[in-house]
Amino acid sequence: MKELVEVVAKALVEHPEEVVVTEKTEGKNIIVELHVAASDMGKVIGKQGKIAKAIRTVVKAASSKDNTRVDVEIV
């Protein structure tokens, strides 16, 4: 899931070199943290959070076959 979030985020931002994705596992839950440059934060979140919601939806769909729950946090 980490790679998926990283690829999507790098495609959206102006400074892809500043994209950092970390992954924490807590039982069957996986928390993916996305760190981007401050100037790119709006591009990752989108108007009314639509881009962030779309990223979370894609990750949720990809993780459903693994029977795990993945949460994406934008920091």
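Residues numbered from 1 in each chain as written. Predicted model: local features only at pLDDT ≥ 70, side-chain atom pairs only at ≥ 80, totals over all residues. Heavy atoms only, no water.

### What about the sheet that holds strand β3 (residues 69–74)?
Sheets are built from strands that pair by backbone hydrogen bonding, the pairs being arranged parallel or antiparallel.
Link 1 in the chain: Here we have 3 strands laid out as an open sheet, ordered β1-β2-β3, and mixed in their pairing. One side of each edge strand has no neighbouring strand; the edge strands of this open sheet are β1 (20–26) and β3. Direction aside, the axes of adjacent strands within the sheet are offset by 20 degrees on average. (Pairing = 2+ DSSP bridges. Helix = DSSP H or I, 4+ residues; strand = E, 2+ residues; numbered from the N terminus. Axes fitted to C-alpha atoms, helices over the stretch in contact; angles between N-to-C directions.)

### What about the pairing of strand β2 (residues 29–35)?
Link 1 in the chain: Within β2, 5 of the 7 residues are buried, leaving the element largely enclosed by the surrounding structure.
Link 2 in the chain: Where β1 meets β2, 7 bridges bridge the pair, whose relative direction is antiparallel. Looking at β2, one finds that K24 is bridged to I31.
Link 3 in the chain: Hairpin connection, β1 to β2: the antiparallel pair is bridged by 2 residues, and G27 has positive phi, about 70 degrees.
Link 4 in the chain: Looking at chain direction, β2 and β3 are connected through 6 bridges and run parallel. Bridging across to β3, E33 finds its partner in E73. (Buried < 20%, exposed > 50% of the residue type's maximum accessible area, 1.4 Å probe, protein only.)

### Section: the pattern of salt bridges
Link 1 in the chain: Under the criterion given, the structure shown has 4 salt bridges.
Link 2 in the chain: E14 is the partner of K43 in a salt bridge, and the nearest nitrogen-oxygen pair spans 2.3 Å. Here the residue K43 occupies a position in helix α2 (residues 41–45), and E14 occupies one in the loop between α1 (2–12) and β1, the gap between them amounting to 29 residues.
Link 3 in the chain: Under the relative-accessibility criterion, E14 is labelled exposed at 55%.
Link 4 in the chain: A salt bridge links E33 to K24, with the nearest nitrogen and oxygen atoms 3.3 Å apart.
Link 5 in the chain: The class of E33 is buried, set by a relative accessible area of 15%. (Salt bridge = Lys/Arg side-chain N within 4 Å of Asp/Glu carboxyl O.)

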